[in-house]
Amino acid sequence: MSVESLYRDVVMRHFKKPSHHGPVSESESLASAENPTCGDHMRLTLTVEEGRITDIRFEGKGCAISMASCSLMTEAVLGKDVGEVRELIDAFEGMLKGDAEVEGVDLGDLAALQGVKRYPLRIKCALLGWEALRGALEKTST
Ligand code: ZN
């Protein structure tokens, strides 16, 4: 399977049936992010217990890339400790912006999104859920 079709397959699968997607309620971790150029918006909440993300949920509407990226992100970070999650955020941003070392961090299915870096306008879409994740982490881990 080519990288291109792998990318399309993963994106469409997560766009049609996003993981951990549903209405989120007001909570202290609630963070949101928007991408006006595309009309994407995300709201995200999470629970951190003993330094680990034990629950994560997002609601939002967006293009296939923003939804798929956020869905993949929730799968990747659930159960991880906050330090690991921060490394993953940096690695993922680095992969898309192409200006950071991503070696040593296993991106798993997230690697399917590296094709997005060829479409500069879409990078913001792919990072939207991650921006909300950063915001939520900031509110929960002091
Ligand atoms: Zn978008």
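This is a predicted model, so every value here is computed, not measured.

Chemist: What should I look at first to understand unusual backbone geometry in this one?
Modeler: If a residue is not glycine, its phi is most likely negative; likewise, a peptide bond is most likely trans. Of note, the phi angle at histidine 20 is positive, near 55 degrees, even though the residue is not glycine. The topology assignment puts histidine 20 in the loop between helix H1 (3–16) and strand S1 (31–35). In this model, glutamate 50 sits at a positive phi of 50 degrees, which is unusual for a non-glycine residue. Inspection of the secondary structure puts glutamate 50 in the loop between strand S2 (40–49) and strand S3 (52–61). Judged by relative accessible area, which is 85%, glutamate 50 ranks as exposed.

Chemist: What am I meant to see in the coordination of the zinc ion here?
Modeler: Each angle at a metal carrying four tetrahedral donors should ideally be 109.5 degrees, and each at a metal carrying six octahedral donors should ideally be 90 or 180 degrees. Protein coordination at the zinc ion: the donors are Cys38 (SG), Asp40 (OD), Cys63 (SG) and Cys125 (SG), at 2.1 to 2.4 Å from the metal. The site at the zinc ion holds 4 donor atoms, and with the angles between them running 104 to 117 degrees, its shape is tetrahedral. Sequence spacing of the donors to the zinc ion: C-x1-D-x22-C-x61-C. The class of cysteine 38 is partly exposed, set by a relative accessible area of 31%. A relative accessible area of 2% means that aspartate 40 is categorised as buried.

Chemist: Just checking my understanding: could you explain the state of the cysteines for this structure?
Modeler: What is meant by a disulfide is a covalent connection between two cysteines, made through their sulfur atoms. Enumeration over the complete set of coordinates arrives at 0 disulfides. The thiol of cysteine 70 is not disulfide-bonded; the next cysteine sulfur, from cysteine 63, is found 11 Å away.

Chemist: Whenever I open this one, the packing of helix H2 (residues 64–77) against helix H4 (residues 120–140) confuses me. Can you help?
Modeler: When two helices pack together, their arrangement is given by the angle between the helix axes and the distance between those axes. H4 packs onto H2 with a crossing angle of 40 degrees between their chain directions and a minimal axis gap of 8 Å. In this view, H2 runs oblique relative to H4, as classed from their interaxial angle. Crossing of H2 against H4: the hand is right-handed. For the pair H2 and H4, contact is made by Ile65, Ser66, Ser69, Cys70, Met73 and Val77 and by Arg122, Cys125, Ala126, Gly129, Trp130 and Leu133, respectively.

What counts and how
- Residues numbered from 1 in each chain as written.
- Predicted model: local features only at pLDDT ≥ 70, side-chain atom pairs only at ≥ 80, totals over all residues.
- Heavy atoms only, no water.
- Helix = DSSP H or I, 4+ residues; strand = E, 2+ residues; numbered from the N terminus.
- Buried < 20%, exposed > 50% of the residue type's maximum accessible area, 1.4 Å probe, protein only.
- Donors = N, O, S within 2.8 Å, 3.2 Å for Na, K, Ca; no water.
- Tetrahedral: all angles 85-135°; square planar, octahedral: opposite > 155°, others 65-115°.
- Disulfide = S-S within 2.5 Å.
- Axes fitted to C-alpha atoms, helices over the stretch in contact; angles between N-to-C directions.
- Parallel < 35°, antiparallel > 145°, perpendicular 65-115°, else oblique.
- Left-handed = near helix turned anticlockwise from the far one by under 90°.
- Contact = heavy atoms within 4.5 Å.

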